[in-house]
Amino acid sequence: MAIEQIKMPQLGESVTEGTINQWLVSVGDKVSKYDPLAEVTTDKVNSEVPSSFDGVIKELIAQEGETYEVGAVILTIETEGGGSAAPEAPAAPAAEAPATPAASTPAPAAAAPVAKTDNGGARYSPAVLKLSQEHGIDLSQVTGTGAGGRITRKDLNALIESGNIPKAGTAPAAASTPAPAAAAPAPQAAPKAAAAATNVPVVPGDIEIPVSGVRKAIAANMLKSKHEAPHAWTMIEVDVTNLMSFRNSLKADFKKKEGFNLTPFAFFVKAVAQALKEFPMINSMWAGDKIVQKKDINLSIAVATEDALYVPVIKNADEKTIKGIAREIGELAGKVRSGKLSGADMSGGTFTVNNTGSFGSIQSNGIINHPQAAILQVESIVKRAVVMDNGMIAVRDMVNLCMSLDHRVLDGLVCGNFLKRVKEILENTSKENTSVY
């Protein structure tokens, strides 16, 4: 028998830590390689950590609701034999060296949550600090039930549920025993009382909705983007009458032949990818003392579910045909809605294209997908009366393209020229000028 370690994987580019949202296994459970072990939330994705081995769960080292650095050991698995470990799943770090027999293998040190220091010098996890700040809890008066007396998020949730919240200047609170995870999961308990902390009045008939891990991650990333990046905004109007005529002439036969839809959005994504090759500065990121101009053109596309927004990535979009882009849009959207989106599907994006027009919007101001430098909103295509060059009035298919930009990286001139080029590509899309293959 051998004891193998599962570590916190890196679930996206620039991701350095993750929060154990929920364990999907218990000690003693038998698992197979690639079985899901835990749900992990980062600032980019909500994903499952797969098992790298066949075996039996030996110890759950990490705790639900706590945040751990990439590479920290979160659990151990007892496996048959002592040969070389099987390779880890793509998202996880490489396995340790070949394991020694279980009898001589020391138990791994407990994974240390990512900790921060308060003004008094004590160290707490970010989840504990955040929850204490939301509810005004004086952590110096809380006795923790975690390892070595450490205060956990479950300790704070128990205090919040009881209403016995220690404030500065009050008597120390007795340690409360947190409710069992199955009865009151930590990820759900904290949001339940959040309304009281922000003085939102609740009256009979109001519905209090727990904030999911994904929603918290979205909120954190959007807040970071707005705080760090000085947003500027610009818009251009595009006549896509010829594009829509061309697409409509193809869509029925295309669906029958290829098995998926040829959407107008695929034409917009292709035009953006082409324009980014000509204006590579748009495909850049702010890195403090430098600007990084990305070589690959990887387009993030926004896909919404009932309660969350995901941004899967079309890799090397400039190298794909309109057909290839249409296929990938459908596949990524399907993964989002079936819950099968992986960390790899979300990583590497360099520019975001958002199809806000899908729900009828005609003008919007998007928040940049940090650390990218810009986001383009493709609004609803509407028929409007337009004055033509010859002075005649005609009904045309018109669309607004709205662009938010990080003014540290980009200026109006380069963004204006970029949008002008996108407009030119789209307005010249036709049966005579364009191939979808």
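Relevant structure appears above.
Residues numbered from 1 in each chain as written. Predicted model: local features only at pLDDT ≥ 70, side-chain atom pairs only at ≥ 80, totals over all residues. Heavy atoms only, no water.

Chemist: Lay out the overall build of the protein in plain terms, naming residues and giving numbers.
Modeler: On a plain count of helices and strands, the protein comes out with ten helices and 21 strands. Taken across its 437 residues, the protein has 45% of its residues classed as buried. Nonlocal contacts in the protein, meaning residues at least 24 apart in sequence, comprise 65% of its contacts between residues at least 6 apart. For the protein, the computed accessible surface area is about 21500 Å², with 53% contributed by carbon and sulfur atoms. (Helix = DSSP H or I, 4+ residues; strand = E, 2+ residues; numbered from the N terminus. Buried < 20%, exposed > 50% of the residue type's maximum accessible area, 1.4 Å probe, protein only. Contact = heavy atoms within 4.5 Å. Areas by Shrake-Rupley, 256 points an atom, 1.4 Å probe, with all protein chains shown as cover.)

Chemist: Please set out the side chain of Asp397 residue by residue, giving values where relevant.
Modeler: Of note, Asp397 is situated in strand β21 (residues 393–406). If we ignore the near neighbours within four places in the chain, the residues touching Asp397 are Val238, Asp239, Val240, Thr241, Met244, Ile381, Val382 and Lys383.

Chemist: I'd like a description of the nonpolar core, backed by residues and values.
Modeler: Of all hydrophobic cores here, the largest spans 61 residues; its most connected members are Leu299, Phe351, Leu401, Met403, Phe418 and Leu426. Top contributing element to this core by residue count: helix α7 (residues 264–278), with ten residues. In this structure, Met8, Leu37, Val49 and Leu75 belong to the second largest nonpolar core, which totals 19 residues. (Core = buried A, V, L, I, M, F, W, Y, C linked by side-chain atoms within 4.5 Å.)

Chemist: Provide a residue-level description of the pairing of strand β6 (residues 55–60), including the pertinent values.
Modeler: The pairing of strand β3 (residues 30–31) with β6 spans two bridges and is antiparallel. Across the sheet, Lys30 pairs through a bridge with Val56, a residue of β6. (Pairing = 2+ DSSP bridges.)

Chemist: Break down the packing of α7 against helix α10 (residues 412–427) for me, with residues and values.
Modeler: Following both chains from N to C, one finds α7 and α10 inclined at 135 degrees, their axes separated by 9 Å at the closest point. Judged by the angle between their axes, α7 and α10 are oblique. In this structure, the crossing between α7 and α10 has a hand that is right-handed. Note on element contacts: α10 touches α7 through Phe418, Arg421, Val422, Ile425 and Leu426, opposite Phe267, Phe268, Ala271, Val272, Gln274, Ala275, Leu276 and Glu278. Residues of the contact of α7 with α10, tallied by class, amount to ten nonpolar, one polar and two charged. (Axes fitted to C-alpha atoms, helices over the stretch in contact; angles between N-to-C directions. Parallel < 35°, antiparallel > 145°, perpendicular 65-115°, else oblique. Left-handed = near helix turned anticlockwise from the far one by under 90°. Nonpolar A, V, L, I, M, F, W, Y, C, P; charged D, E, K, R; others polar.)

Chemist: If you had to explain the pairing of strand β8 (residues 73–79) to someone new, which residues and values would you point to?
Modeler: Taken residue by residue, a regular strand's side chains alternate between the two faces of the sheet. In terms of burial, β8 is largely enclosed, as six of its seven residues are buried. Examined bridge by bridge, strand β1 (residues 2–7) and β8 share six bridges and lie antiparallel to one another. Following the sheet pairing, Ala2 is matched in β8 by Thr79. Here four bridges tie β6 to β8, and the two strands are oriented antiparallel to one another. If you follow Ile57 over to β8, its bridge partner there is Ile77.

Chemist: How would you explain the environment of Thr352 if you had to name every residue and give the values?
Modeler: With respect to the secondary-structure elements, Thr352 resides in strand β18 (residues 351–354). C-alpha of Thr352 to C-alpha of Gln377: the two residues are 25 residues apart in sequence and 8.5 Å apart in space. When neighbours within four sequence positions are excluded, Thr352 is seen to be in contact with Ser300, Asn369, Gln372, Ala374, Ile375 and Leu376. At a separation of 3.3 Å, a polar atom in the side chain of Thr352 contacts the side chain of Asn369. Only 2.7 Å separates the side chain of Thr352 from the side chain of Gln372, close enough to count as a polar contact. (Polar contact = N/O pair within 3.5 Å; in protein donor to acceptor, adjacent residues only side chain to side chain.)

Chemist: Account for the packing of aromatic side chains, with residues named and values stated.
Modeler: Per the stated rule, a full pass over the model turns up four aromatic pairs. Considering the side-chain rings of Phe246 and Phe267, the 6.2 Å spacing of their centres and the 75 degrees angle between planes classify their relative orientation as edge-to-face. Pair noted here: Phe246 is in helix α6 (residues 241–258) and Phe267 is in helix α7, with a separation of 21 residues, a long-range link. Each of the two residues, Phe246 as well as Phe267, counts as buried. Centre to centre, the rings of Phe254 and Phe260 are 5.3 Å apart; their planes meet at 85 degrees, and the pair counts as edge-to-face. Both residues of the pair, Phe254 and Phe260, count as buried. Of the aromatic side chains, those joined through ring pairs into one cluster are Phe254, Phe260 and Tyr437. (Phe/Tyr/Trp six-rings, centres within 6.5 Å; stacked < 30°, edge-to-face > 60°.)

Chemist: Lay out the pattern of salt bridges with the relevant residues and their values.
Modeler: Following the criterion strictly, the structure yields eleven salt bridges and no others. The partner of Lys320 in a salt bridge is Glu328, with the nearest N and O atoms 3.7 Å apart. Since its relative accessible area comes to 23%, Lys320 is described here as partly exposed. Judged by its relative accessible area of 19%, Glu328 falls in the buried class. One network of salt bridges, in which partners are shared, links Glu278, Arg421 and Glu424. (Salt bridge = Lys/Arg side-chain N within 4 Å of Asp/Glu carboxyl O.)

Chemist: Quick rundown of α10? Include the residues and the values.
Modeler: Taking 1.5 Å of rise per residue, the 16 residues of α10 would be expected to cover 22 Å, and the 22 Å separating its terminal C-alpha atoms lies within 8% of that figure. Within the sequence span of α10, burial applies to Cys415, Phe418, Leu419, Val422, Ile425 and Leu426. Buried residues of α10, seen end-on, are gathered within an arc of 120 degrees and therefore sit on one face of the element. The outward face of α10, more than 90 degrees from its buried face, is lined by the exposed residues Gly412, Leu413 and Lys420. Contacts from the buried residues of α10 go to β11 (231–239), α6, α7, β18, β19 (374–378) and β21. (Expected span 1.5 Å × (residues − 1). Arc of directions from axis to C-beta.)

Chemist: I'd like a rundown of the sheet that holds β1, residues and numbers included.
Modeler: Reading across from one edge, β1-β8-β6-β3 is the order of the four strands in this open sheet, with antiparallel pairing throughout. Each edge of the open sheet is held by one strand with a lone partner, namely β1 and β3.

Chemist: So what about the side chain of Ser404? Which residues, and what values?
Modeler: Mapped onto the elements, Ser404 comes out in strand β21. Ser404 has contacts with His231, Ala232, Trp233, Asn365, Gly366, Ile368, Ala373, Ala374 and Ile375, leaving out every residue within four places of it along the chain.

By themselves, these are just geometric observations and shouldn't be taken as functional.
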